[in-house]
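Observations on chain architecture
Chain by chain, the residues run as shown.
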Amino acid sequence: MGRAFPHLQPLGPTVSETAFQRCISPACGATYGTDEILVACPQCGNLLDVSYEWDRINVPTKLADFESKWTRRFDPLSLSGVWRFHELLPFAPPERIVTAGEGQTLLQQADAVAEFVDLDAGNLYLQYEGMNPSGSFKDNGMCAAFTHANCVGAKRAACASTGNTSASLAMYCAVSRLMKAVIFIGSGKIAYGKLSQALEFGALTVQIAGDFDDAMARVREVSSQLGIYLVNSVNPFRLEGQKTIMFRVLEALRWQVPDWIVVPGGNLGNSSAFGKAFAELHALGLIDRVPRLAVINAAGANTLYELFEHRQLRWQGGRGDLEPACQYYQELDAAKRKASTIASAIEINRPVNLTKCLRALEVCDGVVREVTDQEILDAKAKVGAGGIGCEPASAASVAGAKVLRSQGIIARSDRVVCILTGHQLKDPTATVAYHTTDQEKFNEVLGCRGVRRATYANRAIAVPNDLDEIIRAIQLYS
Ligand code: F0G
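Residues numbered from 1 in each chain as written. Predicted model: local features only at pLDDT ≥ 70, side-chain atom pairs only at ≥ 80, totals over all residues. Heavy atoms only, no water.

1. Comments concerning the sheet that holds strand 4 (residues 106-109)
Definition in use: Here, any two strands with at least 2 DSSP bridges between them count as paired. Labels follow the DSSP assignment, with helices taken as runs of H or I lasting at least four residues and strands as runs of E lasting at least two, numbered in each case from the N terminus. Only the stretch in contact is used when fitting a helix axis, every axis being a line fitted to C-alpha atoms; angles between N-to-C directions are given from 0 to 180 degrees. Whether two residues touch is decided by their heavy atoms; if any such pair falls within 4.5 Å, the residues are in contact.
In spatial order, the strands read 4-5-13-10-11-12; together these six strands make up an open sheet with mixed pairing. Strands with a single pairing partner mark the edges of an open sheet, and in this sheet they are strand 4 and strand 12 (367-371). Neighbour-to-neighbour, the strand axes of the sheet open up by a mean angle of 25 degrees, direction not taken into account. Two elements, strand 10 (residues 260-264) and strand 11 (residues 292-298), share five bridges in a ladder whose sense is parallel. Paired with Val262 across the bridge in strand 11 is Ala294. Together, strand 4, strand 5 (124-128), strand 10 and strand 13 (416-420) form the strand contacts of helix 7 (residues 236-252), whose direction differs from that of strand 5 by roughly 135 degrees.

Okay, here's the thing in structure tokens:
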């Protein structure tokens, strides 16, 4: 047996000479070294990017050059679906990189789902991120943030989470034994699959009386006061890892750019990372066009949808007026409105990456839609019927693609990639409830509003413990 982290060596803090952190606001643009631990620009408070001096970095001249890594699967960094693209996120030296075999994911052509969405057969793809070691896309970003934490010598790492970020952080801490995990969860909904991971992996789990937005605000305060490394997606290094989801989509499409990427929106880390990935690939001349991006909110947690589609909030090259967002948050507070959706992973009203996501929407000529819990659960049932299922939040992408298709924004002949962000078994409660609950009890059992029918339910049949009755039932139903 090889060691899990054969390449890791105990070194002092590292600083990259070709990577740095930069404020995303063009008016500020302040830069900081990679040895600094920051989650916002100290000068103006805006989010930070990891930027690179690309002309000093040996980047492959074409994306197909990355295929040379495929023959080196014995090397953990070439096996990793994140680190085999190291040249496109080169902020850490190889000996500091942490990997747990993340990013072994599948782009699945799903014709039954294509029919449901009303796309031509062969044109709908599901990028299944549930195959990651902790069962969600978070591992893509967590291995990158964790690597940075390792570069700066952090001993404790923290996050607020609706469940998957905490599962991922707890996993990297447990498997690498480099740091101790401190996780903050709200007292509302957290799917048991996710909570069970954090507990079993040994994370210090702090459940605060409040929801995710409250937990997020608190973890920022606590990590800054106690000097704990914060791994939520305000951490710019995390988003570097999440760029690779797009690299793998392109890889699976033999480096062809699809027409649409459709992704659920919660804290808006993924959508922000995808926009950055495509902006960089385009600037490096590695792709000749960028796909369009669709970010899908749950209707019960629809801040981005409200701000982008109704209040015309825009990035405008970094000069957009953010006042509508402040105004909207005041309205939420005044009405004491909390996020509420069956898709607990995206039950977020104050997305921390709002500005970066607006930038991504500009880069990718994006759109935002909201989908109801009913639409999410029906889409999830359709995805699951295809054999590789997903958790409720993930199905928002498929439900959103269906809405955009019905509005004629996505054409029937478009090539569409929906991101399935998390594994089906993360939240079995929602799945079992959909398939077994009597219609009038839905909202009570699922803890949500507005779900009226389970159109695609596969109901269990109840039979007496009697051989003849059992045989009769099987013959009747099969
Ligand atoms: N899908 C799943 C399964 C998630 O867990 C999350 C976020 C999202 C989508 C939204 O992604 O934040 O990049 O827009 N989960 C976070 C967590 C908030 O704490 O696990 P985003």
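2. Considerations on the pairing of strand 1 (residues 19-23)
Our working definition: The rule is simple: take the accessible area with a 1.4 Å probe, protein chains only, and divide by the maximum for that residue type; under 20% is buried, over 50% is exposed, in between is partly exposed.
Taken across its five residues, strand 1 has four buried, putting it largely inside the fold. As judged from the five bridges shared by strand 1 and strand 3 (residues 48-52), these two strands associate in the antiparallel manner. Looking across to strand 3, one finds that Ala19 is bridged to Tyr52. Pairing geometry for strand 1 and strand 2 (residues 31-33), over three bridges, is antiparallel. Bridge pairing in strand 2 links Arg22 to Thr31.

3. Brief notes about a nonpolar patch on the surface
Under the convention used in this document: Here, patches come from residues exposed beyond 30% relative accessible area and free of salt bridges, joined within 9 Å for like charges and within 5 Å for nonpolar side chains (Val, Leu, Ile, Met, Phe, Trp, Tyr). Values of accessible area rely on a 1.4 Å probe in the Shrake-Rupley scheme; residue burial ignores everything except the protein chains shown. We define a salt bridge as a contact between a side-chain nitrogen of Lys or Arg and a carboxyl oxygen of Asp or Glu at a distance within 4 Å.
Together, Ile461, Leu476 and Tyr477 give the surface a local cluster of nonpolar side chains, amounting to about 360 Å² of exposed area. Relative to the elements of secondary structure, Ile461 occurs in the loop between helix 15 (442-446) and helix 16 (467-477). Given a relative accessible area of 42%, Ile461 falls into the partly exposed group.

4. Let's talk about the confidence of the model for the protein chain
In plain terms, the rule: One confidence number per residue, pLDDT, is output by the predictor and ranges from 0 to 100.
The predicted model of the protein chain has a mean per-residue pLDDT of 94, with 96% of residues at 70 or higher. Of all secondary-structure elements in the protein chain, the lowest mean pLDDT belongs to helix 15, at 71, while strand 10 reaches the highest, 99.

5. A short note on the packing of aromatic side chains
Put simply, the rule reads: A pair of Phe, Tyr and Trp rings is counted when the ring centres sit within 6.5 Å of each other, with Trp represented by its six-membered ring. The angle between the planes then sorts it: under 30 degrees is stacked, over 60 is edge-to-face, the rest tilted. Whether a charge sits over a ring depends on NZ of Lys or CZ of Arg being within 6 Å of the ring centre and within 35 degrees of the ring normal.
In this structure the tally under the stated criterion is eight aromatic pairs. Ring centres 5.9 Å apart and planes at 40 degrees place the aromatic pair Phe146 and Tyr172 in the tilted group. Placement of Phe146 in helix 3 (residues 138-151) and of Tyr172 in helix 4 (residues 164-176) is noted, with a sequence separation of 26 residues between them. By the burial criterion, Phe146 is buried, and Tyr172 matches it. Here the aromatic residues Phe66, Phe85 and Phe247 are joined through ring pairs into a cluster of three or more. A cation over a ring is seen here: Arg314 above Phe308, with NZ or CZ 3.7 Å from the ring centre. The residue whose ring lies beneath Lys402 is Phe116, and the NZ or CZ to ring-centre distance is 4.5 Å.

6. A short note on the site of the ligand
Heads up, the rule is: When we say a residue is near a molecule or strand, we mean one of its heavy atoms is within 4 Å of it. Polar contact is the term for a pair of N or O atoms within 3.5 Å; when the atoms are in protein, one must be able to donate a hydrogen and the other to accept it, and sequence-neighboring residues count only if both atoms are side-chain atoms. Residue polarity follows a fixed list, in which Ala, Val, Leu, Ile, Met, Phe, Trp, Tyr, Cys and Pro are nonpolar, Asp, Glu, Lys and Arg are charged, and the others, Gly among them, are polar.
Neighbouring the ligand are 20 residues; Ser161, Gly266, Asn267, Leu268 and Thr421 lie closest to it. Contact distances for the ligand include 2.8 Å between an oxygen atom and a backbone N or O atom of Thr165. Here an oxygen atom of the ligand and a backbone polar atom of Asn270 are 2.8 Å apart. Going through the elements one at a time, helix 4 and helix 8 (269-283) are the ones with two or more residues in the shell around the ligand. When grouped by side-chain class, the residues that make up the shell around the ligand number seven nonpolar, eleven polar and two charged.

7. Comments concerning the sheet that holds strand 6 (residues 156-161)
The strand order 8-7-6-9 describes an open sheet built from four strands, whose pairing is parallel. With one partner strand each, in any of the chains shown, strand 8 (204-208) and strand 9 (229-230) form the two edges of the open sheet. Relative to the sheet, helix 6 (residues 212-226) contacts strand 6, strand 7 (180-186), strand 8 and strand 9, its axis offset from that of strand 6 by approximately 165 degrees.

8. As for unusual backbone geometry
Of note in this structure, Asp118 is not a glycine but carries a positive phi near 75 degrees. Of note, Asp118 is situated in the loop between helix 2 (111-117) and strand 5. For Asp118, a relative accessible area of 30% translates into the label partly exposed. You will see that Trp255, though not glycine, has its phi angle at about 70 degrees, which is positive. Relative to the assigned elements, Trp255 resides in the loop between helix 7 and strand 10.

9. Some remarks on the pairing of strand 5
On any regular strand, side chains alternate: one points to one face of the sheet, the next to the other face. Taking burial as the measure, the five residues of strand 5 include five buried ones, the bulk of the element. Here strand 5 shows a buried face lined by Leu124, Leu126 and Tyr128 and a second buried face lined by Tyr125 and Gln127. For strand 4 and strand 5, the ladder comprises four bridges, and the chain directions are antiparallel. By the bridge assignment, Leu107 is partnered in strand 5 with Gln127. Note: strand 5 against strand 13, five bridges, orientation parallel. Bridging across to strand 13, Tyr128 finds its partner in Leu420.

10. Considerations on the side chain of Ser233
Its place among the elements puts Ser233 in the loop between strand 9 and helix 7. A relative accessible area of 4% means that Ser233 is categorised as buried. A distance of 2.9 Å separates the side chain of Ser233 from the side chain of Asn353, its partner in a polar contact. Discounting chain neighbours no more than four positions away, the residues touching Ser233 are Arg238, Leu239, Asn267, Gly269, Val352 and Asn353.

11. Regarding the side chain of Asp427
The condition that has to hold: A positive count includes Lys and Arg, and a negative count includes Asp and Glu. His and the chain ends are not counted in either.
For Asp427, the position within the fold is in the loop between strand 13 and helix 14 (428-436). Lacking a salt bridge, the buried Asp427 has Lys194 as its closest oppositely charged neighbour, with an N-O distance of 6.0 Å. What Asp427 contacts, discounting residues up to four positions off in sequence, is Ala191, Ile342, Ser344 and Pro392.

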